[in-house]
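Descriptive analysis of the structure
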Amino acid sequence: MIRNKINILKNIIVLELAFLLVITPNLKSQELLEGARIWGNFELNSQYYFSDTLIGAPEVPEKILMNGFGNINLSYKDLTIGMRYESYQNALLGYDRRYKGNGIPYRFASFTRDNFEVTLGNFYEQFGNGMIFRSYEERDLGIDNAMDGLRLVYRPLDGITLRGIIGQQRLFFDTGPGIVRGFDTRINLNSVFSSLEENKNQWIVGGSVVSKYQPDRNPLYNLPENVAAFAGNLSFARGPVNIGSEYAYKINDPSAENNFIYKDGQALHLTGSYAVRGFGLLLSAKRIDNMGFRSDRNATGNDLNINYLPPTTRQHFYSLSSMYPYATQPTGEMGFMSELTFRIPRETTIGGQYGTNVTVNFSRANSIHKEKIHDTIPVGQTGTDGYHSDFFRIGDEKYFQDFNIEINRRLSPTLRGLISYAYINYNQNVIEGYIDKEMVNAHIVIFDVTHRLPERRSLRWELQHLYTKQDNQNWAMAMIEYTISPNWFFAISDQYNYGNEIEDLQIHYYTLSAGYSKGGNRFSLSYGKQREGVVCVGGVCRKVPASNGFMLNVTSSF
Amino acid sequence: MYIIKKILLVAIINFFFFLFAGCDKIDPPYMTDYEGGNGNDEDVRKVLLEEFTGHRCPNCPEGSQIAKDLSNFYGDQMIVMSIHSGFFSEPTTSPFDYDFRTEEGEAIHDFFGVSSYPVGMINRKSFDADRLMSPSAWGEAISQIIDIEPDLRIDISLNLNSKAKQLEVNFNVHALKNLEKQYYISAFITENMIIKPQRTNNPDYPDGVIENYEHNNVLRKSVNRTWGEQLNEEPMFPGDVFSKSYSVYLDDEWETENCNLVVFVYDENSHEIIQVEEKPILN
């Protein structure tokens with residue numbers, strides 16, 4: 001019954017949008033409805049694939065694959081409606097093959113009246129840090145767990161926000177089997193209490209509850225059909241100091257992710273920062289214990305996550321320093337990160353004529369302590385309470401460690417340079433799910449230099465080197481990019497696995513690319529080889545297979 | 001006073017949400033009571049689990065254990081066919097130099113787009129938009145269809161020429177309902193108790209290898225090619241019987257007493273299997 005109503009709603013919204021699209025080409029939005037605004041964007045990524053057995057690029061029967069989407073939104077007074085059309089013909093390699101065909105998986109209508117906001121259809125939302133609820137889209141990872149249902153937001157007082165959500169999560173062109181419902185309260189104490197208005201100490205307190213329902217049809221186990229998670233957070237700010245904390249708890253939630261154990265889950269995330277001009281210090285720590293939370297207990301991979309566990313590691317963006325990225329381990333992890341940023345003043349011996357920015361970062365993630373619940377029952381045994389864990393005890397196994405330093409300096413009015421060093425320890429067995437791989441210990445050095453040339457042109461080049469005795473061993477990388485602002489860029493790069501102990505696999509992964517931008521449109525075309533690897537955003541990762549071919553990217557916005 | 005009233009309202013709303021948050025605390029025992037298979041000869045719907053596995057796949061023994069648990073639970077109503085295919089099945093150096101793969105298994109693997117292991121299909125049917133399911137989902141999927149009245153009954157008769165290792169197969173498919181679609185019949189040989197090494201992530205095996213692992217229900221060969229043969233051209237009505245006969249040679253390497261014949265009928269368009277049957281080659 002509810003599904004029928006939702007389907008009717010879907011159709012109404014799609015028809016409304018179709019109507020608007022049909023009548024708008026000959027009319028400006030202002031002519032259609034005074035004060036109305038229409039905006040959107042479009043993106044197409046397509047690749048022509050060549051088989052390459054040496055790098056492991058598979059034969060692609062379709063030869064050409066394409067991911068494309070377009071958003072169209074309209075707002076008029078307090079009403080906003082929108083939709084996203086997606087097309088996968090078929091999905092690019094590395095994306096889940098269940099992204100297939102065409103459809104409108106995202107459409108919504110929302111209106112606001114007297115501090116009360118209603119959203120019907122799809123929406124993204126996050127409670128606190130997301131440790132018990134975050135619906136979001138990360139296109140690079142192929143993640144979209146948008147909710148499909150209702151969202152209500154009410155602000156009864158300045159400084160108080162109440163949010164309620166209910167619905168199902170997107171699963172490719174369908175929705176997952178579970179129903180997710182939640183409520184969140186956020187109170188800015190300084191706004192609510194007039195006596196604190198002028199106080200320099202700023203306090204925000206919040207609390208959330210999220211529960212999921214999924215019927216139990218498992219013949220072997222008695223499973224909880226309703227699973228709830230609770231979270232509370234407190235943040236404090238005073239001048240340059242910010243402190244944040246969030247604790248989450250989840251009751252028994254046997255699932256494919258935790259090997260169907262009945263243990264409860266907990267997570268604690270603490271952050272602190274101090275930032276003044278020319279100096280910044282960031283500290284963060286977390287403990288995660290059995291906090292995978294999905295709207296389908298059988299889901300694996302990146303499917304149907306209800307929550308998001310924030311990372312405490314630095315995200316690298318250069319190709320060799322991002323070769324070994326860390327993926328958050330929802331089943332158990334203790335981690336911390338510290339980052340110090342400072343500026344050496346200009347016109348000093350060390351700082352040079354223009355000053356120098358330095359960032360030093362260190363992060364580490366370990367297992368949590370786990371102990372058998374009984375002598376005869378292995379840790380994590382299916383159909384048991386799993387294990388005992390001492391909250392403050394760090395496990396023995398190192399998952400990841402990263403020490404890196406980055407020095408960024410302007411050398412002349414037309415020359416800027418960056419030098420970076422990173423030492424990364426990467427536990428392949430835990431992060432990538434192997435059982436017989438060594439810990440990778442990698443040293444990475446990067447140079448990045450940009451020359452500003454006359455007539456709005458620039459030349460940027462990178463040299464990178466990765467040294468390791470493990471995995472595929474040593475890599476070197478060089479890249480040169482020429483930009484004619486604001487329209488053109490041309491680049492050539494090569495990643496060379498010269499240290500591979502198998503001589504045939506000492507391969508050059510070269511890429512040639514060019515792009516053109518004008519107004520809201522951008523086109524780029526490239527040809528090259530892509531090495532097999534892992535791409536991560538915010539501690540969430542997907543494997544990228546090797547490929548060889550032409551790539552076309554088109555984006556447009558209006 | 002106004003602010004206090006509002007805060008009180010917020011507190012009351014929160015209290016009710018926290019109080020009524022859906023929450024089922026399960027107390028031990030967590031396992032259900034096993035009842036075993038139906039154990040009678042009535043016509044029942046049988047279910048096929050096609051398990052995609054590989055001897056170098058460390059998580060696959062856990063999947064096979066779930067298949068075994070379910071098979072024990074459902075008895076003869078559940079049939080398993082383990083398809084060694086894909087990356088983890090590729091033979092490497094010793095001890096994983098044996099090649100379990102079959103041409104038919106690779107074709108099925110590729111057709112259904114298998115990319116993670118272990119994974120399985122229950123009657124090749126989509127459940128909650130997924131045809132390929134992780135082992136934890138198999139039981140739930142089976143429970144949704146196993147009590148549905150059967151559409152067909154498949155009778156198997158076998159005649160083995162032991163010397164020539166030639167197996168004569170005859171299927172009689174009895175329609176039990178009106179069936180208007182086009183169906184195909186597909187048959188395969190499987191083998192149990194193949195003792196070969198298997199990768200594992202079980203901490204009891206520190207080197208990650210179970211040397212004498214018992215591989216069961218291993219797909220060996222098709223009887224009538226990968227996708228079988230068309231069963232009917234016209235709609236079927238209760239009482240209709242369709243017969244098909246085939247002949248297949250068994251490989252010398254296979255232990256005939258451990259081999260079974262698995263036959264199923266599936267919808268040509270949806271690929272959904274509507275009935276499956278299994279019989280040992282040596283009765």
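As the structure is a computational prediction, the values presented were derived from the model and not from experiment.

Right, let's get into the overall build of chain A. A tally of regular secondary structure across chain A gives 4 helices and 31 strands. By the compact-globule yardstick of 24 Å for 558 residues, chain A fits well, its C-alpha radius of gyration being 26 Å. Looking at chain A as a whole, 48% of its 558 residues qualify as buried. Within chain A, contacts between residues at least 6 apart in sequence are counted, and of these 58% link residues at least 24 apart. Surface summary for chain A: the accessible area is close to 26,100 Å², and the carbon and sulfur share equals 56%. In chain A, 55 positive and 56 negative side-chain charges are present, and the distance between their average locations comes to 5 Å.

Our focus in this paragraph is the interface of chain A and chain B. Opposite the 48 residues of chain A that make contact, chain B presents 42 residues. Buried area between chain A and chain B, summed over both chains or domains, comes out near 3,800 Å², and the portion from carbon and sulfur atoms is 61%. Inspection of the region where chain A meets chain B yields 1 salt bridge. In this structure, Arg297 of chain A and Glu140 of chain B form a salt bridge, with 2.9 Å as the shortest nitrogen-oxygen distance. Where chain A packs against chain B, one counts 14 residue pairs in polar contact (both at pLDDT 80 or more). Put simply, the parts of the chain that give the side of chain A that touches chain B at least two residues each are β10 (147-157), β11 (160-171), β13 (179-188), β14 (202-213) and β15 (226-238) of chain A. In terms of residue class, the side of chain A that touches chain B is built from 25 nonpolar, 14 polar and 9 charged.

Residues and elements named next belong to chain B. Enumeration according to the criterion identifies 1 disulfide over all chains in this entry. The residue that forms a disulfide with Cys57 is Cys60, at a sulfur-sulfur distance of 2.1 Å. The sign of the S-S torsion, about 85 degrees, decides the handedness of the disulfide formed by Cys57 and Cys60: right-handed. As far as burial versus exposure is concerned, Cys57 and Cys60 are alike and both buried.

Turning our attention to the pattern of salt bridges. Residue and element names in this part refer to chain A. Tallied over the entire structure, the rule returns 42 salt bridges over all chains. For the salt bridge of Asp184 with Arg163, the shortest nitrogen-to-oxygen distance reads 3.6 Å. With a gap of 21 residues between them, Asp184 in strand β13 and Arg163 in strand β11 connect regions that are remote in the sequence. Arg163 matches Asp184 in its accessibility class, with the two residues each being buried. One salt bridge in this structure joins Glu406 and Arg314, with 3.4 Å as the shortest N-O distance. Of this pair, Glu406 sits in strand β21 (residues 394-412) while Arg314 sits in the loop between β18 (279-289) and β19 (332-344), placing them 92 residues apart in sequence. For Glu406, a relative accessible area of 17% translates into the label buried. Taking relative accessible area as the criterion, Arg314 reaches 22% and is therefore assigned partly exposed. A single salt-bridge network, built from bridges that share partners, covers Arg84, Glu86, Glu137, Arg139, Asp144 and Arg170.

Another point: the packing of aromatic side chains. Residues and elements named next belong to chain A. Tallying each qualifying case throughout the model produces 36 aromatic pairs over all chains. With a centroid separation of 4.7 Å and 45 degrees between ring planes, the pair formed by Tyr527 and Phe550 is classed as tilted. With a gap of 23 residues between them, Tyr527 in strand β28 (residues 521-530) and Phe550 in strand β31 (residues 547-557) connect regions that are remote in the sequence. Aromatic rings pair up to connect Tyr48, Phe50, Tyr510, Tyr527 and Phe550 into one cluster.

With that out of the way, let us pick up the sheet that holds strand β11 (residues 241-249) of chain B. Residue and element names in this part refer to chain B. Overall, antiparallel pairing links the 3 strands, which are arranged β4-β5-β11 in an open sheet. Edge positions in the sheet fall to β4 (152-161) and β11, since each has one partner strand and no second. Pairs of neighbouring strands in the sheet enclose a mean axial angle of 15 degrees, with direction left out of account. As judged from the 10 bridges shared by β4 and strand β5 (residues 166-175), these two strands associate in the antiparallel manner. The residue of β5 that forms the bridge with Ile156 is Phe171.

Next up on the list: the side chain of Ser458 of chain A. Residue and element names in this part refer to chain A. Tracing the sequence through the fold places Ser458 in strand β24 (residues 457-467). Taking the relative accessible area as the measure of exposure, Ser458 reaches 17% and is therefore buried. Dropping the residues within four chain positions of it, Ser458 is found in contact with His451, Arg452, Leu453, Glu481, Tyr482 and Thr483.

Here we take up the packing of helix α2 (residues 60-74) of chain B against helix α4 (residues 135-145) of chain B. Residues and elements named next belong to chain B. Packing of α2 against α4 brings their axes to within 9 Å, and their N-to-C directions diverge by 25 degrees. Taken together, α2 and α4 sit at an angle that is classed as roughly parallel. Seen from above, α2 lies across α4 with right-handed handedness. Here Gly63, Ile66, Ala67, Leu70 and Tyr74 of α2 lie close against α4, whose contacting residues are Pro135, Ser136, Trp138, Gly139, Ile142 and Ser143. Looking at the contact of α2 with α4, its residues break down into 7 nonpolar, 4 polar and no charged.

Moving on, we come to the nonpolar core. Within the largest apolar cluster, 31 residues are counted, with the highest numbers of intra-cluster contacts made by Leu320, Tyr324, Phe400, Ile424, Tyr426, Ile444 and Leu466 of chain A. Among the elements of the structure, β21, β22 (415-427), α4 (428-432), β23 (439-453), β25 (475-484) and β29 (533-537) of chain A are those that each provide at least two residues to this core. Discounting chain neighbours no more than four positions away, the residues touching Ile424 of chain A are His316, Ser321, Tyr324, Phe400, Gln401, Asp402, Val440, Asn441, Ala442 and Ile444 of chain A. In terms of nonpolar packing, the next biggest core, distinct from the first, is built from 29 residues, Ala175, Val223, Met236 and Tyr246 of chain B among them.

Right, let's get into the pairing of strand β4 (residues 101-113) of chain A. Looking along a regular strand, one sees the side chains alternate between the two faces of the sheet. All names here are of chain A. One ladder, built from 9 bridges, connects strand β3 (residues 79-88) with β4; its direction is antiparallel. Residue pairing for β4: Met83 is matched across the bridge by Arg107. Where β4 meets strand β5 (residues 116-123), 6 bridges bridge the pair, whose relative direction is antiparallel. Its bridge partner being in β5, Arg113 is matched across the sheet by Phe116. Hairpin connection from β4 to β5: 2 residues lie between these consecutive antiparallel strands, with Asp114 at a positive phi of about 50 degrees.

There is a patch of nonpolar side chains on the surface, built from Tyr48, Phe50, Ile64, Leu525, Phe550 and Leu552 of chain A and spanning about 510 Å² of accessible area. Phe50 of chain A gets classed as partly exposed once you look at its relative accessible area, which sits at 32%.

Here the focus is unusual backbone geometry. That bond from Pro28 of chain B to Pro29 of chain B is cis: its omega, 0 degrees, falls within 30 degrees of zero. Relative to the elements of secondary structure, Pro29 of chain B occurs in the loop between α1 (2-19) and β1 (47-53). For the bond from Ser94 of chain B to Pro95 of chain B, the omega torsion is 10 degrees, close enough to zero to count as cis. One can find Pro95 of chain B in the loop between β2 (78-84) and α3 (103-111). For Asp114 of chain A, which is not a glycine, the phi torsion comes out positive at approximately 50 degrees. If you trace the backbone, Asp114 of chain A turns up in the loop between β4 and β5.

On to the confidence of the model for chain B, then. Residues at a pLDDT of 70 or more form 93% of chain B, whose mean pLDDT is 89. Across the interface, the model reports ipTM at 0.74; the global pTM reads 0.84.

Residues and elements named next belong to chain A. Together, Arg277, Arg343, Arg346, Arg410, Arg416 and Arg452 line one region of the surface with positive charge. Turning to its location among the elements, Arg346 is positioned in the loop between β19 and β20 (356-368). A residue is classified by how much of its surface remains accessible, and Arg346, at 54% relative accessible area, is exposed.

Residue and element names in this part refer to chain A. Along the chain, the position of Ser235 falls in strand β15. Each C-alpha atom, one on Ser235 and one on Ile204, is 5.2 Å from the other, the two residues being 31 residues apart in sequence. Residue contacts for Ser235: discarding those within four places in its chain leaves Gln202, Trp203, Ile204, Ile243 and Gly244.

Let us look at α4 of chain B. Residue and element names in this part refer to chain B. With 9 of its 11 residues buried, α4 lies for the most part within the structure. Looking at α4, one finds that the buried residues are Pro135, Ser136, Ala137, Trp138, Gly139, Glu140, Ala141, Ile142 and Ile145. In this structure, the buried residues of α4 make contact with β1, α2, β2 and β3 (119-122).

Scoring rules and cut-offs
Residues numbered from 1 in each chain as written. Chains lettered and ligands numbered in written order. Predicted model: local features only at pLDDT ≥ 70, side-chain atom pairs only at ≥ 80, totals over all residues. Heavy atoms only, no water. Helix = DSSP H or I, 4+ residues; strand = E, 2+ residues; numbered from the N terminus. Rg over C-alpha atoms; globule rule 2.2 N^0.38 Å. Buried < 20%, exposed > 50% of the residue type's maximum accessible area, 1.4 Å probe, protein only. Contact = heavy atoms within 4.5 Å. Areas by Shrake-Rupley, 256 points an atom, 1.4 Å probe, with all protein chains shown as cover. Lys, Arg positive; Asp, Glu negative; His and termini not counted. Charge placed at Lys NZ, Arg CZ, Asp CG, Glu CD. Buried area = accessible area lost by both parts, 1.4 Å probe. Salt bridge = Lys/Arg side-chain N within 4 Å of Asp/Glu carboxyl O. Polar contact = N/O pair within 3.5 Å; in protein donor to acceptor, adjacent residues only side chain to side chain. Nonpolar A, V, L, I, M, F, W, Y, C, P; charged D, E, K, R; others polar. Disulfide = S-S within 2.5 Å. Phe/Tyr/Trp six-rings, centres within 6.5 Å; stacked < 30°, edge-to-face > 60°. Pairing = 2+ DSSP bridges. Axes fitted to C-alpha atoms, helices over the stretch in contact; angles between N-to-C directions. Parallel < 35°, antiparallel > 145°, perpendicular 65-115°, else oblique. Left-handed = near helix turned anticlockwise from the far one by under 90°. Core = buried A, V, L, I, M, F, W, Y, C linked by side-chain atoms within 4.5 Å. Patch = residues over 30% accessible without salt bridge, like charges linked within 9 Å, V, L, I, M, F, W, Y side chains within 5 Å. pLDDT = per-residue confidence, 0-100.

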